[in-house]
Amino acid sequence: MFNIGELKDVCEIHKIVKSANRLGIKSTDTQKLYTLRCKIKYQSSNEYISSNRENATKTVIFLLFTRRSIYLDNIVIYKNEKYDIKHINPYGTTGWVELTCEVRK
């Protein structure tokens, strides 16, 4: 299936935490959940051009091995750039997960 040695990059899974201070001012912060090894695949230029969208965004696919729970509400941070998770595709019950993400605005 996949070779565990291909996971050479490191990404972090964060969740968004909403809080309010004693004055009632609301703020959003990120809380780090996991640091995982991953393999990065970028969307090909043919797929990018044929998407026919006015607002085309950069799509990145992260291939990871984890048995932890990852949700669509979480965000991925890779090289100080934040990504929203759009799809979570598990590969059977072995722990391989493919995250399709877009750059967060």
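Remember, predicted model here, so these are calculated numbers, not experimental data.

K.L.:
Looking at this structure, how should I read the overall build of the protein?
P.N.:
What the protein contains, in helices and strands, is one helix and six strands. Counting from the amino terminus, helix and strand elements in the protein follow one another as β-β-α-β-β-β-β. For the protein, the residues scored as buried account for 30% of the 105 residues in total. By sequence separation, contacts in the protein at least 24 residues apart represent 52% of the contacts at least 6 residues apart. In the structure as shown, the protein presents an accessible area of about 7400 Å², 48% of it carried by carbon and sulfur atoms.

K.L.:
For this particular structure, what's the right way to read the pairing of strand S6 (residues 96–103)?
P.N.:
In regular strands, side chains alternate between the two faces of the sheet. With respect to burial, S6 is a largely interior element, seven of its eight residues being buried. In this sheet, S6 lies alongside strand S3 (residues 59–65) in antiparallel orientation, the contact comprising seven bridges. In the strand pairing of S6, Ile61 is matched with Thr100. Pairing of strand S5 (residues 81–91) with S6 involves eight bridges; the strand directions are antiparallel. Note that in S6 the partner of Tyr83 across the bridge is Val103. Counted between consecutive antiparallel strands, the loop separating S5 from S6 contains four residues, among which Gly92 sits at a positive phi close to 70°.

K.L.:
Looking at this structure, how should I read the nonpolar core?
P.N.:
Looking at soluble globular proteins, one finds that nonpolar side chains tend to be buried together. One finds Cys11, Phe62, Leu64, Ile70, Val76 and Leu99 to be the most contacted residues of the largest nonpolar core, which totals 17 residues. Of all the secondary-structure elements, those providing two or more residues to this core are strand S1 (9–20), strand S2 (26–42), S3, strand S4 (75–78), S5 and S6. For this core, the element with the highest residue contribution is S2, accounting for four residues. Among residues more than four places away in sequence, those in contact with Leu99 are Ile13, Val60, Ile61, Phe62, Leu64, Ile70, Val76, Ile85, His87 and Ile88.

About the thresholds
- Residues numbered from 1 in each chain as written.
- Predicted model: local features only at pLDDT ≥ 70, side-chain atom pairs only at ≥ 80, totals over all residues.
- Heavy atoms only, no water.
- Helix = DSSP H or I, 4+ residues; strand = E, 2+ residues; numbered from the N terminus.
- Buried < 20%, exposed > 50% of the residue type's maximum accessible area, 1.4 Å probe, protein only.
- Contact = heavy atoms within 4.5 Å.
- Areas by Shrake-Rupley, 256 points an atom, 1.4 Å probe, with all protein chains shown as cover.
- Pairing = 2+ DSSP bridges.
- Core = buried A, V, L, I, M, F, W, Y, C linked by side-chain atoms within 4.5 Å.

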